[in-house]
Amino acid sequence: MPLKWLLHWQPNAGTTVNSQILSEVSQCVESINGAKEGRWKSTLTFYRPVLRDQTLQAEYPRDCLGISLQEQPNKYYFILRSQRIVLEADSTIQMIMEKLQSYKSRVSLYFEGFQYQLGDFQLRVGKVVPTHSENLRGIVMEVEYLPISSLDKSRQIMEDFVDIWQETVSKRSLPGHFMHIEPNFAEYGLSDHYTSQHTAVQYAIVMAQLIASVRN
Amino acid sequence: MECVVQGIIETQHVEALEILLQGLCGVPKERLRIHELCLKSGPNLGAVASEVRLLCDLEQPEPTWTVRHVGGAMRGAGAEQISVLVRTVVESKASKNVLRFFYTLGYKLDHELLRVGFAFHFQRGAQITVTVTSVNKMLKLHATEEAVPVTPGIQLVEVTAPASSDNYTEVVAAISSFCEYLAPLLHLSKPNVSAGVVPTAAAAAASLMSNGGVT
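Residues numbered from 1 in each chain as written. Chains lettered and ligands numbered in written order. Predicted model: local features only at pLDDT ≥ 70, side-chain atom pairs only at ≥ 80, totals over all residues. Heavy atoms only, no water.

Within an unreviewed UniProt entry, the label attached to chain B reads Mediator of RNA polymerase II transcription subunit 18, and the organism entered is Nelumbo nucifera. For chain B, the Sequence similarities (unreviewed entry) comment in UniProt is given as "Belongs to the Mediator complex subunit 18 family." In the Subunit (unreviewed entry) part of its UniProt record, chain B is described as follows: "Component of the Mediator complex." (UniProt positions renumbered as here; feature names shortened; annotations may be inferred.)

An unreviewed UniProt entry annotates chain A as Mediator of RNA polymerase II transcription subunit 20 of Nelumbo nucifera. Quoted straight from UniProt, the Subunit (unreviewed entry) entry for chain A says "Component of the Mediator complex." According to the UniProt record, the Subcellular location (unreviewed entry) comment for chain A reads "Nucleus".

Encoded structure:
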């Protein structure tokens, strides 16, 4: 499948993300002739272990994330970042986890927004909001390059595109910038050939960044 | 949900059963070689203990994994009266690192089995699957190549069909009706309600083998 980079908005120190920034970013896409196509939404859920003895918490993963992706409506992904595990399963795995009652879903977040076509690129700009609130927690952008599935072969063209994108956004003098962090996919057992498991890992990494920037 | 009945048959009569099922089905059997790992939650995990099964299909060129959760059986006076077990089941395909995933969550291997045999699929009022398998245990951890039968000379027959809360009575009726075809060779009942082998099985098997053209 085509590869994608997931960028996230890094606010400048002392500032927070807001809907004005989201609006400006969307206008940037349109200013470079991105054709608005439709909506997209992915969902990320935090799972926590249910323990009889809370003092033994350290023995269990506290960073279990479940992800449902727009691009794979019948699949569900679990990521255990500390152990570098990404599991791909059918979406019925959520029902199994509910029946097991050993891990409970806590907070869920939506990544949602509009999708744009720009030549061989497909862009998705999205806000990050808790499922029961409009409280903006972050802004993300998926940059998908349709012709290529190889991470290595696409690296140059993706870097060139992101450079142009960063330059476009910087003209608006917004209090922050987009960042791209490339996970070490090999540590997760993933190859150069891009898959939705790669996407799930990128979401987990971005989530960790969003949490860190809120803390800071 | 699924509806289930089980029975046992002596290995010497399995060939006759296969002839019978082939005759009813018309489509060749599907070979089965499934490594089943039963995982249970560690002592601290969950308010109540939980169990999940991982099934690895070794018959595929690239082994495929399924996660299976078997829930409670339907209860109540109505359930007592029907001869078929109705229970909740949820399955999910999963990537091959699923065992490592559950170990990391805090699940432990309780036991593992290798089921070897075959299956036939029927559409007779319900999507019925009949599996005939020898159940084998591994002498060393995950050593599927060195598995030995748990009950030598006896194989397990399972008749299952998926169901929903809307249609389970029809599915139960379809299974009960289907089981009558197999009655000469084996007695099928709810799991854990053992009825043993059928006394007339040998005669029925002999008849099937001669009719099946086996010389």
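From this point, things continue past the structure.
(A) Focus on the overall build of chain A. Scanning chain A from N- to C-terminus turns up four helices and nine strands. In chain A, the succession of helices and strands from N to C terminus is β-α-β-β-β-β-α-β-β-β-α-β-α. Over its C-alpha atoms, taken along the principal directions, chain A stretches across nearly 55 × 40 × 30 Å. Across the 216 residues that make up chain A, the buried fraction comes to 50%. (Helix = DSSP H or I, 4+ residues; strand = E, 2+ residues; numbered from the N terminus. Buried < 20%, exposed > 50% of the residue type's maximum accessible area, 1.4 Å probe, protein only.)

(B) Summary view of the nonpolar core. One finds W9, F111, L123, W165 and F178 of chain A to be the most contacted residues of the largest nonpolar core, which totals 55 residues. Here F111 of chain A is in contact with W40, K41, S42, L44, K127, V128, V140, Y203 and M207 of chain A, once residues within four sequence places are set aside. Counting 37 residues, the second-largest nonpolar core is a separate cluster that includes L17, V86, I175 and L186 of chain B. (Core = buried A, V, L, I, M, F, W, Y, C linked by side-chain atoms within 4.5 Å. Contact = heavy atoms within 4.5 Å.)

(C) Fine view of the pairing of strand 3 (residues 51-57) of chain B. Residues and elements named next belong to chain B. In terms of burial, strand 3 is largely enclosed, as five of its seven residues are buried. As paired strands, strand 2 (residues 30-41) and strand 3 are joined by seven bridges and run antiparallel to one another. Pairing of L37 across the sheet is with L54, part of strand 3. (Pairing = 2+ DSSP bridges.)

(D) Representation of the pattern of salt bridges in the model. Inspection of the entire model under this criterion finds 21 salt bridges over all chains. The residue E112 of chain A makes a salt bridge to K41 of chain A at a minimum N-O spacing of 3.9 Å. Of the two residues, E112 of chain A sits in strand 6 (residues 103-118) while K41 of chain A sits in strand 2 (residues 35-49), which places them 71 residues apart along the sequence. By relative accessible area, E112 of chain A is classed as buried at 17%. Where salt bridges share partners, they join E36, K40, E51, R53, D110 and R115 of chain B into one cluster. (Salt bridge = Lys/Arg side-chain N within 4 Å of Asp/Glu carboxyl O.)

(E) Main features of the packing of aromatic side chains. Residue and element names in this part refer to chain A. All chains considered together, the criterion is met by 14 aromatic pairs over all chains. Between W165 and F178, the ring centres sit 5.9 Å apart and the planes meet at 45°, which makes this aromatic pair tilted. Here W165 is found in helix 3 (residues 151-170), whereas its partner F178 is found in strand 9 (residues 176-180), with 13 residues between them in sequence. F178 shares its class with W165; the two are buried. (Phe/Tyr/Trp six-rings, centres within 6.5 Å; stacked < 30°, edge-to-face > 60°.)

(F) A look at the side chain of S102 of chain A. Within the secondary structure, S102 of chain A sits in the loop between helix 2 (93-100) and strand 6. For S102 of chain A, the side chain forms a polar contact with the side chain of Y107 of chain B, separated by 2.6 Å. With near-sequence residues (within four places) excluded, S102 of chain A lies in contact with R48, P49 and V50 of chain A together with L45, G46, S50 and Y107 of chain B. (Polar contact = N/O pair within 3.5 Å; in protein donor to acceptor, adjacent residues only side chain to side chain.)

(G) Fine view of the side chain of T144 of chain B. You can see T144 of chain B is positioned in the loop between strand 7 (127-138) and strand 8 (147-149). T144 of chain B has contacts with R33, H35, L58, L114 and M138 of chain B, leaving out every residue within four places of it along the chain.

(H) Main features of the interface of chain A and chain B. Each side of the interface is counted separately: chain A has 29 residues, and chain B has 27 residues. In total, chain A and chain B occlude about 2400 Å² of area from one another, counting both sides; carbon and sulfur atoms represent 64% of this. Three residues stand out in chain A for area buried against chain B, namely R52, I96 and L100 of chain A, and they jointly supply 27% of the buried area on that side. Between chain A and chain B we count zero salt bridges in total. At the surface where chain A touches chain B, the tally comes to 14 residue pairs in polar contact (both at pLDDT 80 or more). Looking at the side of chain A that touches chain B, the elements that each hand over two or more residues are strand 4 (75-80), strand 5 (85-90) and helix 2 of chain A. In the side of chain A that touches chain B, the residues fall into 19 nonpolar, four polar and six charged. (Buried area = accessible area lost by both parts, 1.4 Å probe. Nonpolar A, V, L, I, M, F, W, Y, C, P; charged D, E, K, R; others polar.)

(I) Focus on the packing of helix 1 (residues 19-31) of chain A against helix 3 of chain A. Residues and elements named next belong to chain A. Direction vectors running N to C along helix 1 and helix 3 enclose 120°, while the axes themselves pass 10 Å from each other. In terms of orientation, helix 1 and helix 3 fall into the oblique class. Of the two possible hands of crossing, helix 1 and helix 3 adopt the one that is right-handed. Residue-level contacts link V25, C28, V29 and S31 of helix 1 to W165, T168 and V169 of helix 3. (Axes fitted to C-alpha atoms, helices over the stretch in contact; angles between N-to-C directions. Parallel < 35°, antiparallel > 145°, perpendicular 65-115°, else oblique. Left-handed = near helix turned anticlockwise from the far one by under 90°.)

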